[in-house]
Protein chains: 2
Amino acid sequence: MTTTPTAPQRLGAAGAEPAPAPFAVRAQSALAAHGPLVFGLDPSGAVLEAWGVGDTPDGLDRFVDIVVEALPGVVGMVKPQSAFYERHGWRGIASLARLMGTCREAGLLVLLDAKRGDVGSTNEAYAEAYLGPDAALAADALTITPYLGLGAMAPLLDRAAACGAGIFVVTRSSNPEGRPLQQARLPDGDTVEQALVDDIAALNRRFVPSGLGPVGAVFGPTHGPPAFDLAAMNGLFLAPGIGAQGATPADVAACFASCPDRVLPAASRSLLDAGPDPAGLRGAAQALAGELRRALGL
Amino acid sequence: MTTTPTAPQRLGAAGAEPAPAPFAVRAQSALAAHGPLVFGLDPSGAVLEAWGVGDTPDGLDRFVDIVVEALPGVVGMVKPQSAFYERHGWRGIASLARLMGTCREAGLLVLLDAKRGDVGSTNEAYAEAYLGPDAALAADALTITPYLGLGAMAPLLDRAAACGAGIFVVTRSSNPEGRPLQQARLPDGDTVEQALVDDIAALNRRFVPSGLGPVGAVFGPTHGPPAFDLAAMNGLFLAPGIGAQGATPADVAACFASCPDRVLPAASRSLLDAGPDPAGLRGAAQALAGELRRALGL
C-alpha cells in the first residue's frame, strides 16, 4: 500500500525536524511490526487501587512509570483516555503529558482518546493543544466527535493532515444507546454513520489521492458488519471495546472483513487487570495481539 | 417557579457543607439579579496577544487575573471554553482551576464548556473530574455532546442531579455544518434534535417532578424558532454564538419566545474585544445584558 504525502501542506516547526511520515503509514508499519492491538491506558480509580498505587495524582504518576517501562517494544500503539487523567486536574494532565512524551520517544504511537469537537476557533484551539510539533500534548492521532458536523472539524483535519497526524471520527459506537442517533436518516436515505464514512472517504481522497488518508473512524465491532463498504473509506478504523466491553477478535474480523489490515482494535480493562507486574501486562498484550493477528489473518 | 430538590440523591462531601441548591434555581436567581448574559471566557491566542499579555501560560494566568477582578457583580455566570486552556497544557489547566475556583468563591456561577461525552466508565471519570465537591475542576454546570446517545450519559446526569449541578446537552448548534446530522430523522419521524429535547424533558420530569430540572440544552438561536415546544423541556437553554458568531438579541427572543426566562445567551469575542481594561469589559457586558433583558422582556 502506498501513500502520497501531502507535501505542500506539511507543517514542521521552523528550522526543526521535518514533519513525520503520514500517520496512516506509521500506523501500518507499527501494525506490521507488533500486530494490530492498541493498548488502552484508562487508569480509573478502580485500576489505581487494584494496582496498589492509590487513586491520587501520585498514584497516577506511578501508573505512568509502570506502563512506560512495560509497553515499548510490545505493542505499536497506546491509547490514553483523557478523562482518566482529567480526573486528577492539572497534575493529571502533567502525568498525561509525560506519558505521551515518553511513549513517543520510545517509538510507540500515541492515539489520544479525547473525543473533542466544537465549532470554528474552538476547534483551532483543540488542534493547537493536541496536534503538531508545538502542541502542549502532541499526539500522533486524536479522536473527535462529529455532532456539530464533520465540516466544522476542518481546523482539526487540516492540521492533522499538515503535520503527519491522524484523526479518528467517532462514527459507530459499541454501546447500544448510540444506535438511534447513528442510524438516523438524512434526506437522501443514508444513515448518519454511513454518510460519515462517505464524507471521510471524500476527505481522504482530497488529502491523499492514492493510499490511506489521515482521517479514520472509530467504529465499534459489536453490531455486526455494516451494509456499506468500509474499505472504500481509504482510512484506518479504531475498533473499541475489545474484551471487557464485550467484543471478541472474531467480532473484529467479521466487521472488518473487507479491510482486515486497516483495523486497530483497542482493549484496556482486560489488559490492565494483568498489572501492575510489567511481565503480566506484556504477557496479556502479547496474547491478545496474537489472537487478533490470527482472527484477522495477518 | 418552584423546584423540588431531589433530596434522596443529594450528594455532599462526608461531614462537609450540604449540597448547594439545584443549579436551575441558582441560575434563575443569578439571571434575576444580573440579567441573562453568560460571559464566555475564550482566551484564544489572538485575545491574549490583543490584551498585551502574550500567548503563553504566563499570559493566560494574567488573563485570569484580569477577568476575576473585572466580572464579579457584573454578570451572574461565566463560561470558560476548555479548549483555550487545554492549549497551554497542564499550566493552562491550573489557570482554569484557579479561574473556576476564584469565580465561584466570588459568587459567579461557572458553566464549563467542554462538550465531553463518552461511554460507561469514561463518563464516570468525566463526572468525577468536573462535578461535585470533590472534583478537581468543580463546575456549576458542564456541556456534553450526545453522539454516543443520551442514555449513555447517565453517570454525568445522575451525578449532576445529585450534587446540585447542571448539564447542558448540545442539541442544536449555531453553525450550518451541524444541521444535516441534527435534523436527521429517527424511525418515528422525529428529528435528532427534537428527540433530544423530548428525552431531556423526560429526564427532567424524573429528576424533578415539578419545576425546572438539572438537564438543559445548548440550542443555537441562528436557525429560527423550532417547530417543537421548548418550554415543555422544563430545563434551561444555553444560546451560544451571540455577537461575533452572528446571533442578535432579537434572534434569541424569537427562538425562545415560549420561555424567555429560561435562556442563557452567551457571548465571548464581542465582549473580550473590550478588554483588557476591566471597566471596558464591565461596560460591554452591562450593555449587552441590557439589550438582552429588553429583547427578552425580562
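Structure shown above.
First things first, this report covers the structure right here in the doc. Please read these numbers as outputs of a predicted model, since none were measured by experiment.

### So, the sheet that holds strand E2 (residues 77-80) of chain A
All names here are of chain A. Pairing within the closed barrel is parallel, and its 8 strands lie in the order E1-E2-E3-E4-E5-E6-E7-E8. Across the sheet, the mean angle separating the axes of adjacent strands is 30° when strand polarity is ignored. Relative to strand E8 (residues 263-267), strand E7 (residues 237-239) is paired through 3 bridges, and the arrangement is parallel. In the strand pairing of E8, Phe237 is matched with Val263.

### A closer look at the pairing of E2 of chain A
All names here are of chain A. Residues Met77 and Lys79 line one face of E2 and the alternating positions Val78 and Pro80 line the opposite face, and both faces are buried. Taken together, the 4 bridges between strand E1 (residues 38-41) and E2 define a ladder with parallel strand orientation. If you follow Gly40 over to E2, its bridge partner there is Lys79. Of the strand pairs in this sheet, E2 and strand E3 (residues 109-116) are connected by 2 bridges, and their pairing is parallel. Residue pairing for E3: Val78 is matched across the bridge by Val110.

### What to know about the nonpolar core
Of all hydrophobic cores here, the largest spans 220 residues; its most connected members are Tyr130, Ala139 and Val169 of chain A together with Tyr130, Ala139 and Val169 of chain B. Residues within four places of Tyr130 of chain B in sequence aside, it is in contact with Leu112, Ala114, Ala135, Leu137, Ala138, Ala139 and Leu142 of chain B.

### Examining the relation of the copies chain A and chain B
When chain A is fitted onto chain B, the two copies agree to an RMSD of 0.0 Å after a turn of 180° and an axial shift of 0.0 Å. Such a combination of rotation and displacement between the chain copies is what one expects of a two-fold axis. Mapped onto chain B, 100% of the interface residues of chain A again fall at the interface, so both copies present the same surface.

### Considerations on the packing of helix H5 (residues 89-105) of chain A against helix H5 (residues 89-105) of chain B
The interhelical angle for the contact between H5 of chain A and H5 of chain B, taken along N-to-C directions, is 170°, at an axis separation of 8 Å. One finds that H5 of chain A runs roughly antiparallel with respect to H5 of chain B. For the pair H5 of chain A and H5 of chain B, the contacting residues are Gly89, Trp90, Ile93, Ala94 and Ala97 of chain A in the first and Gly89, Trp90, Ile93, Ala94 and Ala97 of chain B in the second.

About the criteria used
Residues numbered from 1 in each chain as written. Chains lettered and ligands numbered in written order. Predicted model: local features only at pLDDT ≥ 70, side-chain atom pairs only at ≥ 80, totals over all residues. Pairing = 2+ DSSP bridges. Helix = DSSP H or I, 4+ residues; strand = E, 2+ residues; numbered from the N terminus. Axes fitted to C-alpha atoms, helices over the stretch in contact; angles between N-to-C directions. Buried ≥ 20, exposed ≤ 12 C-beta atoms within 10 Å, placed from the backbone. Core = buried A, V, L, I, M, F, W, Y, C linked by C-beta atoms within 7 Å. Contact = placed C-beta atoms within 7 Å. Least-squares fit on C-alpha atoms with pLDDT ≥ 70 in both. Parallel < 35°, antiparallel > 145°, perpendicular 65-115°, else oblique.

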